[in-house]
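Next come the chains, spelled out residue by residue.
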Amino acid sequence: MKKQSLIFLATLWIALQGVAQSASDTVLQHGAHRIGKRSDAAMQHWRDSGFGQFIHWGVYAIAGGQWNGKNYTGAAEWIRSWKEMPNETYDSLYKQFNPTRFDAKQWAKQAKAMGAKYMIFTTKHHDGFCMWHSKYTDYTVANTPYQKDILRELIDAYTAEGIEVYLYFSIIDWSHPGYRANLVSDNDRQQYEIFKQFTRNQLVELLTNYPETKGLWFDGTWDKAWIAQAAWADSLGMELRNLHPGLIIGSRFRADETGKRHVDANGHLIDDYDQRFERNLPADLQETGGNDWECVMTIPENQWGYHHDWSWTYCKTPSELIKMMIQTRALDGNFVINFGPDGEGNIRKEEADIATAVGRWMSVNGVAVYGVHHSDLTKQDWGYATQNGNKIYLTVFNQPVNQLLRIQVPKSKSAEKIFVIRSAKLLANGQNLSVKGNAKRGSYYRDKFGYSYFDLILPAKIKHQSLPFVLEIELDEINVRDQDSYQQALT
Ligand code: 2OX
């Protein structure tokens, strides 16, 4: 291309950008600093990882959602806020924190076997208790009977298994004297400045002492006091990113200067991925806004930290979790399952069993989860489709009553062409499946909306499986003018 044309195109591009921004957008200093997805290798790696593990562990695990023989049905990691439990009692729990059963290597092996590619760990939850040796407070694991640096043990063990570590960090800190939810007096504002400096120091400390960190997962950022810190939080984010190139930060960290969270006043996602899908999934791609996003999911209804008793709460099955994971991947998000180890360092049997079941499924069907994105297929009743290059993965939750699985193929852009299923393979055993009504061999079926369908013939033994199965298919686009037996079935 000639130099002039390049300059012309570049000028046009800049002009169009200018129009797009000036026509309707508010001028923001502290909104999104990028429109659209990050395109660097670190972010692509996050995207390809697809599946992670969350671990909520802190002194709340000792209480386990119970106090004085009473059961707390709120989230167990919030028990300090429960009116029956005195704060002083909670704030002394760390003196008993001695998880002698904790085995970081075993947790990491279990996570690896489950298929997790990354792990998010609660370095500090709302109570302010630090699971690392922070020099900025005494309220850390260093001052418990256990003493050892839990974050260091976990990073070493998970890194050894090839699992990347992200740090959960709560801005809410009930242990810091300067922390406020709301700033109403001059004293509040002075105290909050001390708290902000403390927060900044801890974050710099984490990235400096744990350089293996891939990203920061912020929480507890919904208070008025924090929302009002748009400029300061923005500059802190930049400082952290400069300190740690490639760092991944979700949309929950900071608000813009108009107080908008997650998406700024112009509707653009703040920072790297949408963190709003907590125990919640988008229904379709439109709802994701085309952004990167992540769903973090609990196994019980709403328990993140360890709760002694799960008998009263509805728990998800491996099948439900796998379905959510595939729905997530089919809509270009990452899926994360939470674990809440107990005060001794045990991962409860219910969670271990889920890790085993999900891992067994992933060892066969992981190609449908890792490195994939949404597919070219429309949403269909049998399940969800993901895609990697030319390979489309059909994860089938709703099995047909007969042996025929009807697949709607994408429409060709050309009226003379259609897509056909060239090959189909059952991942569980590598068996190739035949396609009924293959247009290459003759007639095919097309509905009044212009969609074509092909029936895959399933093996008889696939019926009545407890977990979904995955088919890997490839499509061909063929010219139908040459097909002498073209038949249009209007239905
Ligand atoms: C939301 C609105 C009001 C009060 C509390 C919440 N909240 C806090 N919801 N979830 C949380 C924390 N985020 C999860 C990832 C857990 O850490 C949970 O404690």
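## Here we look at the overall build of the protein
Of regular secondary structure, the protein possesses 12 helices and 18 strands. The C-alpha atoms of the protein give 26 Å as radius of gyration, which agrees with the globular expectation for 491 residues (23 Å, within 12%). Principal-axis analysis of the C-alpha atoms places the extent of the protein at approximately 85 × 65 × 40 Å. In the protein, which comprises 491 residues, the share counted as buried stands at 54%. When the accessible surface of the protein is totalled, it reaches about 22,000 Å², and 51% of it is carbon and sulfur. Placing the 54 positive and 56 negative side-chain charges of the protein at their respective mean positions leaves the two points 6 Å apart.

## A closer look at empty space enclosed by the protein
Summed over all chains, the structure comprises one cavity of 30 Å³ or more. The calculated volume of the largest cavity comes to roughly 50 Å³. Of the residues assigned to the lining of the largest cavity, the class counts are six nonpolar, five polar and two charged.

## A look at unusual backbone geometry
For Asp 271, which is not glycine, the phi torsion reads 65° and is therefore positive. Here Asp 271 shows up in the loop between β7 (248-249) and α10 (285-288). Positive phi is not limited to glycine here, since Arg 279 has a value of about 50°. You can call Arg 279 partly exposed: its relative accessible area is 35%.

## Overview of the site of the ligand
Around the ligand sit His 56, Glu 77, Trp 78, His 125, His 126, Tyr 168, Trp 217, Asp 219, Trp 222, Glu 278 and Trp 304, and that is every residue in its neighbourhood. Glu 77 places a polar side-chain atom, nitrogen or oxygen, 2.5 Å from an oxygen atom of the ligand. The fraction of the free accessible surface of the ligand (430 Å²) that becomes covered by protein chains is 69%. Of the residues contributing to the shell around the ligand, the split by class is five nonpolar, three polar and three charged.

## As for the packing of aromatic side chains
Considering all chains together, one arrives at 25 aromatic pairs under this definition. Ring centres 4.7 Å apart and planes at 70° place the aromatic pair Phe 102 and Trp 107 in the edge-to-face group. Assessed through its relative accessible area of 1%, Trp 107 is described here as buried. Chaining the aromatic ring pairs together yields one cluster made of Trp 57, Tyr 94, Phe 97, Phe 102, Trp 107, Phe 129, Tyr 139 and Tyr 146. Directly above the ring of Phe 397 sits Lys 323, whose terminal nitrogen or CZ lies 5.5 Å from the centroid.

## Some thoughts on the pairing of strand β4 (residues 118-124)
Judged by how many residues are buried, β4 sits mostly within the fold: seven of seven residues are covered. Looking at chain direction, strand β1 (residues 51-55) and β4 are connected through four bridges and run parallel. Its bridge partner being in β4, Ile 55 is matched across the sheet by Phe 121. Pairing between β4 and strand β5 (residues 164-170): six bridges, direction parallel. Note that in β5 the partner of Tyr 118 across the bridge is Glu 164.

## Some remarks on the pairing of β1
Counted residue by residue, β1 has five buried out of five residues, so it is predominantly covered. Residues Phe 51, Gln 53 and Ile 55 line one face of β1 and the alternating positions Gly 52 and Phe 54 line the opposite face, and both faces are buried. One ladder, built from five bridges, connects β1 with strand β9 (residues 333-339); its direction is parallel. Directly across from Gly 52, in β9, lies its bridge partner Val 336.

## A word on the domain arrangement of the protein
Segmenting the protein into domains produces domain 1 (3-368) and domain 2 (375-490). Measuring from the centre of the C-alpha atoms in domain 1 to the corresponding centre in domain 2 gives 39 Å. Listed per partner, the contact involves 14 residues of domain 1 and 12 residues of domain 2. Taken over both partners, the interface formed by domain 1 and domain 2 buries close to 1,200 Å², and the fraction arising from carbon and sulfur atoms is 71%. Taken together, the connections running from domain 1 to domain 2 amount to zero salt bridges. Where domain 1 meets domain 2, there are three residue pairs in polar contact (both at pLDDT 80 or more). Looking at the side of domain 1 that touches domain 2, the elements that each hand over two or more residues are α11 (318-330) and α12 (349-365).

## What about the nonpolar core?
Membership of the largest hydrophobic core comes to 95 residues, with the highest contact counts inside it found for Trp 57, Ile 150 and Tyr 158. Per-element accounting of this core gives the leading share, seven residues, to helix α7 (residues 186-209). Counting residues in each nonpolar core, the second largest holds 27 residues, with Leu 394, Leu 433, Phe 469 and Val 480 among its members.

## Observations concerning helix α2 (residues 41-49)
Residues of α2 that are buried: Met 43, Trp 46, Arg 47 and Ser 49. Viewed end-on, α2 has its buried residues packed into an arc of 160°, placing them on one side of the element. Phi turns positive, to about 75°, at Gly 50, one or two residues after α2.

## Overview of the environment of Asn 201
Assignment of secondary structure puts Asn 201 in helix α7. Taking the C-alpha atoms as reference, Asn 201 lies 28 Å from Val 336; in sequence the two are 135 residues apart.

## Remarks on α12
Taking 1.5 Å of rise per residue, 17 residues should cover 24 Å, and α12 covers 24 Å from first to last C-alpha, within 8% of that figure. Within the span of α12, buried status applies to Glu 351, Ala 352, Ile 354, Ala 355, Ala 357, Val 358, Gly 359, Trp 361, Met 362 and Asn 365. If you follow the buried residues of α12, they end up packed against β1, α5 (104-114), α11, β9, β12 (391-396) and β18 (469-479).

## Section: the sheet that holds strand β14 (residues 417-426)
If you trace the five strands from one edge of the open sheet to the other, you get β10-β11-β12-β18-β14, paired in antiparallel fashion. The outermost strands of the open sheet, each flanked by one partner alone, are β10 (373-374) and β14. Across six bridges, the pairing between strand β11 (residues 383-388) and β12 is antiparallel. For Ala 385, the partnering residue across the bridge sits in β12 and is Leu 394. Where α11 meets the sheet, its contacts fall on β10, β11 and β12, and the angle it forms with β11 comes to roughly 50°.

Procedures and definitions
- Residues numbered from 1 in each chain as written.
- Predicted model: local features only at pLDDT ≥ 70, side-chain atom pairs only at ≥ 80, totals over all residues.
- Heavy atoms only, no water.
- Helix = DSSP H or I, 4+ residues; strand = E, 2+ residues; numbered from the N terminus.
- Rg over C-alpha atoms; globule rule 2.2 N^0.38 Å.
- Buried < 20%, exposed > 50% of the residue type's maximum accessible area, 1.4 Å probe, protein only.
- Areas by Shrake-Rupley, 256 points an atom, 1.4 Å probe, with all protein chains shown as cover.
- Lys, Arg positive; Asp, Glu negative; His and termini not counted.
- Charge placed at Lys NZ, Arg CZ, Asp CG, Glu CD.
- 1 Å grid on protein atoms, 1.4 Å probe; cavity = no way out; pocket = protein on both sides within 12 Å on 5 of 7 lines; lining within 4 Å.
- Points joined across faces, edges and corners; volume = space filled by probe spheres on them.
- Nonpolar A, V, L, I, M, F, W, Y, C, P; charged D, E, K, R; others polar.
- Near = heavy atom within 4 Å.
- Polar contact = N/O pair within 3.5 Å; in protein donor to acceptor, adjacent residues only side chain to side chain.
- Phe/Tyr/Trp six-rings, centres within 6.5 Å; stacked < 30°, edge-to-face > 60°.
- Lys NZ or Arg CZ within 6 Å of the ring centre and 35° of its normal.
- Pairing = 2+ DSSP bridges.
- Domains from an automatic or database assignment.
- Contact = heavy atoms within 4.5 Å.
- Buried area = accessible area lost by both parts, 1.4 Å probe.
- Salt bridge = Lys/Arg side-chain N within 4 Å of Asp/Glu carboxyl O.
- Core = buried A, V, L, I, M, F, W, Y, C linked by side-chain atoms within 4.5 Å.
- Arc of directions from axis to C-beta.
- Expected span 1.5 Å × (residues − 1).
- Axes fitted to C-alpha atoms, helices over the stretch in contact; angles between N-to-C directions.

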